[in-house]
Amino acid sequence: MINYSRSMSSIKQVSESNSASQKRAAIISFRRAIPNDRAFLLTLRKTSMDANLKAAGIYLNDHSHMQRIDEFFSDSHIILYQNNTIGLLKLGLFSDKIHLRQFQLLPAYQGLGIGSRILGLVKRKAQEKQLNITLNVLLNNPAKALYLRHDFVVIDSNELEFQMRWQWLK
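Residues numbered from 1 in each chain as written. Predicted model: local features only at pLDDT ≥ 70, side-chain atom pairs only at ≥ 80, totals over all residues. Heavy atoms only, no water.

**Structural notes on the overall build of the chain**
Part 1 of the reasoning: A count of helical and extended segments in the chain gives 5 helices and 8 strands.
Part 2 of the reasoning: Along the chain, helices and strands appear, N-terminal first, in the series α-β-β-α-α-β-β-β-α-β-α-β-β.
Part 3 of the reasoning: Counting the 170 residues in the chain, one finds 45% classified as buried.
Part 4 of the reasoning: Of the contacts made within the chain by residues no fewer than 6 positions apart, 61% connect residues no fewer than 24 positions apart.
Part 5 of the reasoning: Of the roughly 9,300 Å² of accessible surface on the chain, a fraction of 50% belongs to carbon and sulfur atoms. (Helix = DSSP H or I, 4+ residues; strand = E, 2+ residues; numbered from the N terminus. Buried < 20%, exposed > 50% of the residue type's maximum accessible area, 1.4 Å probe, protein only. Contact = heavy atoms within 4.5 Å. Areas by Shrake-Rupley, 256 points an atom, 1.4 Å probe, with all protein chains shown as cover.)

See the structure below:
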């Protein structure tokens, strides 16, 4: 596995929104997660994932959520939007692909185009490295629609989730 921290530190976007309702500049940046972020990550995970997990018949206590947070913690990057901590992007970089391990935004920041902008950044990084992107998403998770809009395709499924892939163009 390749260390992704250098690539993530180079991903920073400053852009103007095309929407008439959002006229100020929006800055999305990332920083490496640290142990002090664990409380935020627990709140984020519970608020962004619990309903989808319960719909899938998965009921997790705080300890179980923390195990998922701690898994591949070194791949975790906090998402900042206009200097506010709003989410998590956990990516695994391999020689043949980037695997989107976790991508979560606080509910107040969902549906604003931020997720699309972040996926666009990850896709650009994948193109630079000539890698595909893979991910798993729960069957009932509305985020699947976001991935489909970004040209991810379902390549497999099981009783809990879809496996999806985005392929860079040669």
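**Some words on the packing of aromatic side chains**
Part 1 of the reasoning: Taken as a whole and assessed by the stated rule, the structure comprises 2 aromatic pairs.
Part 2 of the reasoning: Directly above the ring of phenylalanine 94 sits lysine 97, whose terminal nitrogen or CZ lies 5.8 Å from the centroid.
Part 3 of the reasoning: The ring of phenylalanine 72 carries the charged tip of arginine 101 above its face, separated from the ring centre by 3.5 Å. (Phe/Tyr/Trp six-rings, centres within 6.5 Å; stacked < 30°, edge-to-face > 60°. Lys NZ or Arg CZ within 6 Å of the ring centre and 35° of its normal.)

**What about the pattern of salt bridges?**
Part 1 of the reasoning: Under the definition given, this model contains 6 salt bridges.
Part 2 of the reasoning: Its salt-bridge partner being arginine 38, residue aspartate 70 comes within 2.7 Å of it at the nearest N-O pair. Placement of aspartate 70 in helix α3 (residues 62-70) and of arginine 38 in helix α2 (residues 38-55) is noted, with a sequence separation of 32 residues between them.
Part 3 of the reasoning: Note on arginine 38: relative accessible area 30%, which makes it partly exposed.
Part 4 of the reasoning: The shortest N-O distance in the salt bridge between lysine 125 and glutamate 128 comes to 3.0 Å. In this pair, lysine 125 and glutamate 128 are both assigned in helix α4 (residues 114-129), 3 residues apart and thus about one turn of the helix distant.
Part 5 of the reasoning: For glutamate 128, a relative accessible area of 58% puts it in the exposed group. (Salt bridge = Lys/Arg side-chain N within 4 Å of Asp/Glu carboxyl O.)

**Remarks on the environment of lysine 97**
Part 1 of the reasoning: Locating lysine 97 in the fold gives a position in strand β5 (residues 97-105).
Part 2 of the reasoning: Lysine 97 has contacts with Gly92, Leu131, Asn132 and Thr134, leaving out every residue within four places of it along the chain.

**Some thoughts on the pairing of strand β6 (residues 132-138)**
Part 1 of the reasoning: Counting buried positions over the 7 residues of β6 gives 6, a clear majority of the element.
Part 2 of the reasoning: What joins β5 to β6 is α4, and the crossover it makes is right-handed.
Part 3 of the reasoning: Examined bridge by bridge, β6 and strand β8 (residues 161-166) share 6 bridges and lie antiparallel to one another. Note on β8: the bridge partner recorded for isoleucine 133 is tryptophan 166. (Right-handed = clockwise from strand over helix to strand, strands pointing away. Pairing = 2+ DSSP bridges.)

**Digging into the pairing of strand β7 (residues 153-157)**
Part 1 of the reasoning: Pairing between β7 and β8: 4 bridges, direction antiparallel. Each residue of the ladder has a partner; that of aspartate 156, found in β8, is glutamine 163.
Part 2 of the reasoning: Between β7 and the antiparallel strand that follows it, β8, lie 3 residues.

**What about α4?**
Part 1 of the reasoning: In this model α4 runs 23 Å from its N-terminal to its C-terminal C-alpha over 16 residues, within 8% of the 22 Å that 1.5 Å per residue would give.
Part 2 of the reasoning: Taken together, the buried positions of α4 are Ile114, Gly115, Arg117, Ile118, Leu119, Gly120, Leu121, Val122, Lys123, Lys125 and Ala126.
Part 3 of the reasoning: One or two positions beyond α4, positive phi appears at glutamine 130, with a value near 55°. (Expected span 1.5 Å × (residues − 1).)

**Here we look at α3**
Part 1 of the reasoning: Considered for burial, the residues of α3 that qualify are His65, Met66 and Ile69. Projected down its long axis, α3 carries its buried residues within an arc of 100°, all on one side.
Part 2 of the reasoning: In this structure, the buried residues of α3 make contact with α2 and β4 (84-93).
Part 3 of the reasoning: Where α3 starts, the residue carrying a side-chain oxygen 3.2 Å from the main-chain nitrogen of histidine 63 turns out to be asparagine 61.
Part 4 of the reasoning: Just downstream of α3, phenylalanine 72 is the residue with a positive phi angle, here 55°. (Arc of directions from axis to C-beta. Polar contact = N/O pair within 3.5 Å; in protein donor to acceptor, adjacent residues only side chain to side chain.)

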